[in-house]
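Commentary on secondary and tertiary structure
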Amino acid sequence: AADLVEQSQSLQRQLVIDASHELRTPLTSLRTNAQVLSRAQQLAPEDLQQLTDDMVAQVDELAALVGDLAELARGERSDGPVAQFRLDDVVEECVETARTYARIKNVIIEVDLETSMVVGRRDRLVRAISNLLTNAIKFTPEGGEIRVATSAGLITVSDSGPGVAPEDIEHIFNRFWRSPLSRALPGSGLGLSIVDQVVSELGGSVAVDRDPQLGGARFSVTLPTV
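Residues numbered from 1 in each chain as written. Predicted model: local features only at pLDDT ≥ 70, side-chain atom pairs only at ≥ 80, totals over all residues. Heavy atoms only, no water.

With that settled, the discussion passes to the overall build of the chain. The secondary structure content of the chain amounts to five helices and seven strands. Taken from N to C terminus, the helices and strands of the chain fall in the order α-α-β-α-β-β-α-β-β-α-β-β. With respect to the principal axes defined by its C-alpha atoms, the chain has extents near 65 × 50 × 35 Å. Expressed as a percentage of contacts within the chain between residues at least 6 apart in sequence, the contacts between residues at least 24 apart total 70%. Of the roughly 12,500 Å² that the chain leaves accessible, carbon and sulfur atoms contribute 54%. Here the chain contributes 21 positive and 33 negative side-chain charges, whose respective centroids are spaced 4 Å apart. (Helix = DSSP H or I, 4+ residues; strand = E, 2+ residues; numbered from the N terminus. Contact = heavy atoms within 4.5 Å. Areas by Shrake-Rupley, 256 points an atom, 1.4 Å probe, with all protein chains shown as cover. Lys, Arg positive; Asp, Glu negative; His and termini not counted. Charge placed at Lys NZ, Arg CZ, Asp CG, Glu CD.)

Here is the structure:
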């Protein structure tokens, strides 16, 4: 028991250290932009607009990062009750929400859902599947396609994006790790590590490979069924 407590404290310490490091970049950018903003009257209107847009984006990024940190730190002490529920219902709910974002990029989400029952905290699974869909939308090009399927405790989320490079597969679920491709895109670098954490809590596993039809990434979550 003492070992487990020490391990837990060590993980928490590491999370705080990593988080403070990650928070530094957007905060430094915000500070620089705020200093430039003090000379607003000397800036051209389009430069001022660009500056304020950047600051709003940086604040949004900080908010997302803080939210994801809270989610990771809360971990297994999630608030939702443990219950039996239909996996396909949860996935369908997440897809409906994701479609509102996918439409902006003209990305279609195809679904093929078979009914199966799992046990766990429903709110946590919603978070994990939503993160997988957000990730797929982020990397799917304009006019691309995402496919989501469920069957007997298995959820797959595939996209027509560039896929995950073989050398990146071992890092992809690490906290704050971002592939060279994703560094130019908004995100906290925590989305997939939350997926990994949630799936572990539910007694399942998650893996990534290349989808043979769409050519992009295919994330497969396997959960124990009832």
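Attention now goes to the packing of helix H3 (residues 87-104) against helix H4 (residues 122-139). Between H3 and H4, the least distance of the axes is 9 Å, while the angle of their chain directions is 40 degrees. The angle between H3 and H4 places the two elements in the oblique class. Considering only the axes of H3 and H4, their crossing is right-handed. On H4, the residues that touch Leu 87, Asp 89, Val 90, Val 91, Glu 93, Cys 94, Val 95, Ala 98, Tyr 101 and Ala 102 of H3 are Arg 122, Leu 125, Val 126, Ile 129, Ser 130, Leu 133 and Ile 137. (Axes fitted to C-alpha atoms, helices over the stretch in contact; angles between N-to-C directions. Parallel < 35°, antiparallel > 145°, perpendicular 65-115°, else oblique. Left-handed = near helix turned anticlockwise from the far one by under 90°.)

Before going further, it helps to spend a moment on the environment of Val 118. For Val 118, the location among the structural elements is in strand E3 (residues 117-121). Linking Val 118 and Gly 204, residues 86 residues apart in sequence, is a C-alpha distance of 11 Å. Those residues in contact with Val 118 that sit more than four places away from it in its chain are Ala 83, Gln 84, Phe 85, Leu 87, Leu 223, Pro 224, Thr 225 and Val 226.

Another aspect to go through is the sheet that holds strand E6 (residues 205-210). Strands belonging to one sheet form pairs held by backbone hydrogen bonds; the direction of such a pair is parallel or antiparallel. If you walk across this open sheet you meet the five strands as E2-E4-E5-E7-E6, and the pairing is mixed. Only two strands of the sheet have a single neighbouring strand rather than two, namely strand E2 (108-113) and E6. Taken over all neighbouring pairs, the strand axes of this sheet differ in orientation by 15 degrees on average, direction set aside. The pairing of E6 with strand E7 (residues 217-222) spans six bridges and is classified as antiparallel. The residue bridging Asp 209 from the neighbouring strand is Arg 218, located in E7. In the packing of H3 onto the sheet, contacts are made with E2, strand E4 (145-151) and strand E5 (154-159), and the angle to E2 comes to roughly 175 degrees. Seen against the sheet, helix H5 (residues 191-201) touches E6 and E7 and runs at an angle of roughly 135 degrees to E6. (Pairing = 2+ DSSP bridges.)

Moving on: H4. Taking 1.5 Å as the rise per residue, H4 with 18 residues should run 26 Å; its terminal C-alpha atoms sit 26 Å apart, in good agreement. Every buried residue belonging to H4 is among Arg 124, Leu 125, Ala 128, Ile 129, Asn 131, Leu 132, Leu 133, Asn 135, Ala 136, Ile 137 and Phe 139, and all of these are buried. (Expected span 1.5 Å × (residues − 1). Buried < 20%, exposed > 50% of the residue type's maximum accessible area, 1.4 Å probe, protein only.)

Here we take up the pairing of E4. Here E2 runs beside E4; their pairing, made up of six bridges, is parallel. Residue pairing for E4: Glu 110 is matched across the bridge by Arg 147. Across six bridges, E4 lies against E5 in antiparallel orientation. Its bridge partner lying in E5, Ser 151 is registered against Leu 154. Linking two consecutive strands that pair antiparallel, namely E4 and E5, is a turn of two residues; a positive phi of about 35 degrees is found at Ala 152 within it.

This part is about the pattern of salt bridges. Counted according to the given criterion, the structure contains seven salt bridges. Ionic pairing is found between Asp 88 and Arg 86, a salt bridge with its closest N-O pair at 2.6 Å. For Glu 93, the salt bridge is made with Arg 122, and the minimal N-O distance between the two is 3.0 Å. Of this pair, Glu 93 sits in helix H3 while Arg 122 sits in helix H4; the two residues are 29 residues apart in sequence, bridging distant segments of the chain. Glu 93 sits in the partly exposed class, given a relative accessible area of 37%. Linked through salt bridges whose partners overlap, the residues forming this network are Arg 86, Asp 88 and Asp 89. (Salt bridge = Lys/Arg side-chain N within 4 Å of Asp/Glu carboxyl O.)

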